[in-house]
Amino acid sequence: RLVASSHRVYPEGNIAAQLLGFVGSDNIGLTGLEADLDSLLGGANGTLRYERDGLGNQFPLGERFEVAPQPGANVVLTIDRYIQRLAEQELDRTLKEHKASGGTIIVVQPKTGEILAMASRPTFDVTRLDLSDDSKVALYRNRAITDQYEPGSVFKLVTTAAGLDSGAVSPDTWWFDSGSLEVSGWTIQNWDKGAHGSQTVQQMLSKSLNTGAAWVAGQVGSERFYDYVHRFGFGTETGVGLTGESPGRVRTPENDPDNWRPVDMATNSFGQGISVTPLQMCMAVATIANNGLAVKPHIVKEIVSPTGTTRFEPEPAQQVISPESSQTLRNM
């Protein structure tokens, strides 16, 4: 006797494994988009109710009620398969070159918020799953949205944006770099331990000077500085629609008055003492690229169901900084 069965095939291999996820033996999504969109992809089971006799046989003329099964929808993603493949290849190459334990690459279209690629390492082989191996569970998470890290000097873009947009500084504003900055009993130094003398805000950004970033944040003031940090999306989820997204953590005088100190803003200004997700940092830079207008990131382009097609349009969030400030920062 022949028994019908099914076999799952992955034509693209392991591409975007953590983002796409996988299904269990009962064809229910367990991780990634397979789990997030399971109700759409899986459709609905049909039902059959009828009268039967004591032996279980259906009465030929008895009552019968049947609801046909509903097919699932097709979901079209914003992911570009070529860019995704390229991102994964470059990530593998770079990790090998620097002997790194992991990393993430995200490619986003700033004007629409479409995620064109989202790659993380280490990853897993979706074509040969072994769910009995608990040591591999950590590989299933999408690190681009779940993992928090200190962004470091790339955060100076946010600090400079706050300084320019608030009017506290301009690219040509001068300050003096003595090589160190005392803030509430702590000493801030530059990455190169050097003292650069008279510098402009432009030079602060070009040379990535920690003392200069802390000075700019001081000119902005804590209330306005953290207002810009939150407006750029840090401390809250991006709303990309993927399960497990972390909001990161931003300590401010308002949400942690007992522990926050001025030195926290000084270190936050160059990306230390603050935690973000890779997607949050990516979207902050995308905002600067998009004339200061934040756009909500999304991964689903359209849903094609038997009843029609639903398309998802870009969702502008807010004007974080003015177009003029954005242009000035991009020139810098």
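The coordinates are above.
(A) Looking closely at the overall build of the chain. Check the secondary structure of the chain and you find twelve helices and 13 strands. In terms of principal-axis extent, the alpha carbons of the chain reach across some 95 × 40 × 40 Å. Of all 332 residues assigned to the chain, the portion counted as buried reaches 40%. Total accessible area computed for the chain in this model is approximately 18000 Å², and 51% of it derives from carbon and sulfur atoms. Of the charged side chains in the chain, 28 are positive and 38 negative; the average position of the first set lies 5 Å away from that of the second.

(B) Local environment of the side chain of Gln199. Within the element layout of this structure, Gln199 appears in strand 9 (residues 197-200). A polar contact of 2.9 Å, which involves the side chain of Gln199, links it to the backbone oxygen of His196. In this structure the side chain of Gln199 is engaged in a polar contact, spanning 2.9 Å, whose partner is the side chain of Lys207. Setting aside residues no more than four positions away along its own chain, Gln199 makes contact with Thr173, Trp174, Trp175, Asp177, Lys207 and Leu209.

(C) Structural context of a nonpolar patch on the surface. Taken together, the side chains of Leu30, Leu129 and Leu131 define a hydrophobic patch exposed on the protein surface, amounting to about 250 Å² of accessible area. Note that Leu131 resides in the loop between strand 5 (114-121) and helix 5 (143-146).

(D) Molecular detail of helix 9 (residues 222-231). Taken residue by residue, helix 9 has Phe225, Tyr226, Tyr228 and Val229 as its buried positions. Projection of helix 9 onto a plane perpendicular to its axis shows the buried side chains occupying an angular sector of 155 degrees, all on one side. Where helix 9 is buried, its residues contact helix 6 (156-166), helix 8 (210-220) and helix 10 (262-268). Phi for Gly233, located one or two positions after helix 9, is positive at around 105 degrees.

(E) Representation of the packing of aromatic side chains. Tallied over the entire structure, the rule returns seven aromatic pairs. Summarising the aromatic geometry, the rings of Phe22 and Phe124 are spaced 5.9 Å apart at their centres and angled 80 degrees between planes, so their arrangement reads as edge-to-face. Of this pair, Phe22 sits in the loop between helix 1 (17-20) and helix 2 (32-36) while Phe124 is found in the loop between strand 5 and helix 5, placing the two residues 102 residues apart along the sequence. The pair formed by Phe22 and Phe124 is uniform in burial state, with each residue classed as buried. Residues Phe225 and Tyr226 carry aromatic rings whose centres are separated by 5.1 Å and whose planes lie at 80 degrees to one another, so their mutual orientation is edge-to-face.

(F) Seen up close, empty space enclosed by the protein. According to the stated counting rule, one finds one cavity of 30 Å³ or more in the structure shown. Approximately 60 Å³ is the volume attributed to the largest cavity. Looking at the largest cavity, the residues that line it are Asn14, Ala16, Ala17, Gln18, Leu19, Glu88, Met118, Ala119, Ser120, Arg121, Thr123 and Asn142. In the lining of the largest cavity, the residues fall into five nonpolar, five polar and two charged.

(G) Representation of the pairing of strand 6 (residues 174-177). Burial of strand 6 is one-sided: the residues Trp175 and Asp177 facing one way are buried, the residues Trp174 and Phe176 facing the other way are not. Direction of pairing for strand 6 relative to strand 9: antiparallel, over a ladder of four bridges. Counterpart to Phe176 in the pairing with strand 9 is Ser198.

(H) Focus on unusual backbone geometry. That bond from Arg121 to Pro122 is cis: its omega, 5 degrees, falls within 30 degrees of zero. Along the chain, the position of Pro122 falls in the loop between strand 5 and helix 5. We note that Lys99 has phi near 55 degrees; this positive angle belongs to a residue other than glycine. With respect to the helices and strands, the residue Lys99 is situated in the loop between helix 4 (81-98) and strand 4 (103-109). One non-glycine residue, Lys193, adopts positive backbone phi at about 60 degrees.

Parameters at a glance
Residues numbered from 1 in each chain as written. Predicted model: local features only at pLDDT ≥ 70, side-chain atom pairs only at ≥ 80, totals over all residues. Heavy atoms only, no water. Helix = DSSP H or I, 4+ residues; strand = E, 2+ residues; numbered from the N terminus. Buried < 20%, exposed > 50% of the residue type's maximum accessible area, 1.4 Å probe, protein only. Areas by Shrake-Rupley, 256 points an atom, 1.4 Å probe, with all protein chains shown as cover. Lys, Arg positive; Asp, Glu negative; His and termini not counted. Charge placed at Lys NZ, Arg CZ, Asp CG, Glu CD. Polar contact = N/O pair within 3.5 Å; in protein donor to acceptor, adjacent residues only side chain to side chain. Contact = heavy atoms within 4.5 Å. Patch = residues over 30% accessible without salt bridge, like charges linked within 9 Å, V, L, I, M, F, W, Y side chains within 5 Å. Salt bridge = Lys/Arg side-chain N within 4 Å of Asp/Glu carboxyl O. Arc of directions from axis to C-beta. Phe/Tyr/Trp six-rings, centres within 6.5 Å; stacked < 30°, edge-to-face > 60°. 1 Å grid on protein atoms, 1.4 Å probe; cavity = no way out; pocket = protein on both sides within 12 Å on 5 of 7 lines; lining within 4 Å. Points joined across faces, edges and corners; volume = space filled by probe spheres on them. Nonpolar A, V, L, I, M, F, W, Y, C, P; charged D, E, K, R; others polar. Pairing = 2+ DSSP bridges.

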